[in-house]
Amino acid sequence: INLTGVACELMQPSRWASLYSVCDEFDIKITRCDIAYDDYDGLHPVSEAREIYESGGFNAGGRRPSARYIDSYGSGDTFYVGKRQNGKMLRVYEKGKQLGDRDSRWVRWELQLGCKDRVIPYDVLLTPLAYLKGAYPVALAWLDQAVVRVVKTTKRKAGIIFDKAILFARRQAGRVIRYCR
């Protein structure tokens, strides 16, 4: 199933719960989810995202994600935090200018979640802003109407379990394997 942004806008609010039920019933895997917050008044501009980044507000787990800024010289600046290939990327851009209105103040804060090293829960369909805020809770603290919900990565846990399994295998079977060689 692929729902575009336009399709999501056309969905009745009550239909999201139905979609949640279908996903749950058929054990559907969400492979990508884009969550957007539209700031039509420009209260949180692209420059604010850059300032928050510089002050460490996007740090996640003690590490600073990568970032890049694109200055389009009047047709809509964009600031990226994180990388698409890592499964979590925030894009902050001047949506109104991108659409051609040079005087627009409209800024979109858009999170792109991928399923690399994480399971995207069905609850993201019902409370998307909670997951937007949960991606970078310090940076998006101004989203005060949303409760923080985090999509945890599974890589670290799986890595620890794998490392332990290798350690036990070395202890239990290492000598026998070396002897057989």
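See the structure shown above.
Remember, it's a predicted structure, so these values are computed and weren't measured experimentally.

The next point concerns the sheet that holds strand E3 (residues 78-83). The strands that make up a sheet pair up through hydrogen bonds in the backbone, lying either parallel or antiparallel. Strand order across the open sheet formed by 5 strands is E1-E5-E4-E3-E2, with antiparallel pairing between neighbours. Every other strand in the sheet has two partners, leaving strand E1 (32-39) and strand E2 (67-70) as the edge strands with one partner each. The average undirected angle you get between the axes of adjacent strands in this sheet is 15°. Across the sheet, helix H3 (residues 46-54) is in contact with E2, E3, strand E4 (88-93) and strand E5 (107-114); its angle to E3 comes to roughly 40°.

A separate point is the environment of Glu110. Inspection of the secondary structure puts Glu110 in strand E5. In this structure, the C-alpha to C-alpha distance between Glu110 and Met89, residues 21 residues apart in sequence, is 8.3 Å. A distance of 2.2 Å separates polar atoms of two side chains, one belonging to Glu110 and the other to Arg91.

The residue Asp27 is not glycine, and still its phi comes out positive at about 50°. Asp27 gets classed as exposed once you look at its relative accessible area, which sits at 64%. The backbone of Asp117 sits at a positive phi, close to 60°, despite the residue not being glycine. Structurally, the position occupied by Asp117 is in the loop between E5 and helix H5 (128-135).

Calculation rules
Residues numbered from 1 in each chain as written. Predicted model: local features only at pLDDT ≥ 70, side-chain atom pairs only at ≥ 80, totals over all residues. Heavy atoms only, no water. Pairing = 2+ DSSP bridges. Helix = DSSP H or I, 4+ residues; strand = E, 2+ residues; numbered from the N terminus. Axes fitted to C-alpha atoms, helices over the stretch in contact; angles between N-to-C directions. Contact = heavy atoms within 4.5 Å. Polar contact = N/O pair within 3.5 Å; in protein donor to acceptor, adjacent residues only side chain to side chain. Buried < 20%, exposed > 50% of the residue type's maximum accessible area, 1.4 Å probe, protein only.

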